[in-house]
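# Breakdown of the fold
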Amino acid sequence: MTEQVKEKAYTEEEIEERLKKELPHWYYEKGWIRRKYRTNSWKGTLMVINAVGHLAEAAWHHPDLTASYAWVEVRLVNHHAKGVTDKDFTLAKKIEEVIQWQPAKEEGPLEGTPDDPRFKYIKYD
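Below is a short write-up of the structure. Because the structure is a prediction, the values reported are computed rather than measured.

As a further point, take the nonpolar core. One finds W26, I33 and I95 to be the most contacted residues of the largest nonpolar core, which totals 23 residues. Within the residue set of this core, elements represented by two or more residues are α1 (12–22), β2 (32–38), α2 (42–59), β4 (71–76) and α3 (86–99). Here this core gets five residues from one element, more than from any other, and that element is α3. In this view, I95 contacts W26, Y37, V52, L55 and V74; residues no more than four positions away in its chain are not counted.

Attention now goes to the pattern of salt bridges. Across all of its chains, the model carries 14 salt bridges by this definition. Across the pair D125 and R35 runs a salt bridge, and its minimum N-O distance is 2.2 Å. On the criterion of sequence distance, the pair formed by D125 in the segment after α3 and R35 in strand β2 is long-range, its members being 90 residues apart. What emerges from the salt-bridge pattern is a single network uniting E29, R34, D64, E73 and R75.

A few words on unusual backbone geometry. A positive phi is found at K30, a non-glycine position, where the angle reads about 55°. With respect to the helices, strands and loops of the structure, K30 is situated in the loop between β1 (27–29) and β2. By relative accessible area, which is 72% here, K30 ends up exposed. A positive phi angle, close to 60°, is found at K82, a residue other than glycine. Relative to the assigned elements, K82 resides in the loop between β4 and α3.

For α3, built from 14 residues, the straight-helix expectation of 20 Å at 1.5 Å per residue is met to within 8% by its first-to-last C-alpha distance of 20 Å. Taken as a whole, α3 has its buried residues at D88, F89, L91, A92, I95, E96 and I99. Structurally, α3 contributes buried residues whose contacts are with α1, β2, α2 and β4.

Their axes nearest at 12 Å, the elements α1 and α3 cross at an angle of 20°. One element, α1, and the other, α3, form an angle in the roughly parallel class. Where α1 crosses over α3, the two elements pack in a sense that is right-handed. Along its contact with α1, which presents I15, R18, L19 and E22, the element α3 presents D86, F89 and K93. Residues belonging to the contact of α1 with α3 are distributed by class as follows: three nonpolar, no polar and four charged.

A few words on the side chain of E73. Relative to the assigned elements, E73 resides in strand β4. A polar atom in the side chain of E73 sits 2.9 Å from the side chain of R75. Once residues lying within four places of it in the same chain are set aside, the contact partners of E73 are Y27, R34, R35, K36, D64, L65 and T66.

Thresholds, definitions, all that
Residues numbered from 1 in each chain as written. Predicted model: local features only at pLDDT ≥ 70, side-chain atom pairs only at ≥ 80, totals over all residues. Heavy atoms only, no water. Core = buried A, V, L, I, M, F, W, Y, C linked by side-chain atoms within 4.5 Å. Buried < 20%, exposed > 50% of the residue type's maximum accessible area, 1.4 Å probe, protein only. Helix = DSSP H or I, 4+ residues; strand = E, 2+ residues; numbered from the N terminus. Contact = heavy atoms within 4.5 Å. Salt bridge = Lys/Arg side-chain N within 4 Å of Asp/Glu carboxyl O. Expected span 1.5 Å × (residues − 1). Axes fitted to C-alpha atoms, helices over the stretch in contact; angles between N-to-C directions. Parallel < 35°, antiparallel > 145°, perpendicular 65-115°, else oblique. Left-handed = near helix turned anticlockwise from the far one by under 90°. Nonpolar A, V, L, I, M, F, W, Y, C, P; charged D, E, K, R; others polar. Polar contact = N/O pair within 3.5 Å; in protein donor to acceptor, adjacent residues only side chain to side chain.

Shown next as structure tokens:
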């Protein structure tokens, strides 16, 4: 069996600096980097959870999730390193990219979700 190399855990100051620069909607609290995504309904909440679940499984780095009818909180920490590491920042960036994607704001053939309350599922920043 191979020995795992322990990743470098960042200090609280380093975490705060990186979040401010790289992930402004995320924050550091009680040893975790965190982000709350607001949704319009249970359907939107489930869609966010499933997207995060797919990314976490593909990355083999699993966040803690808390959910309610109209929000999902994602919390990341590297348990092996006993702190926040590059794995957490990298996965947080990918989650942010996917959940906040709005095709209508890009030049391309995808029109994005219609601006109609019947179809809205997430509250974008």
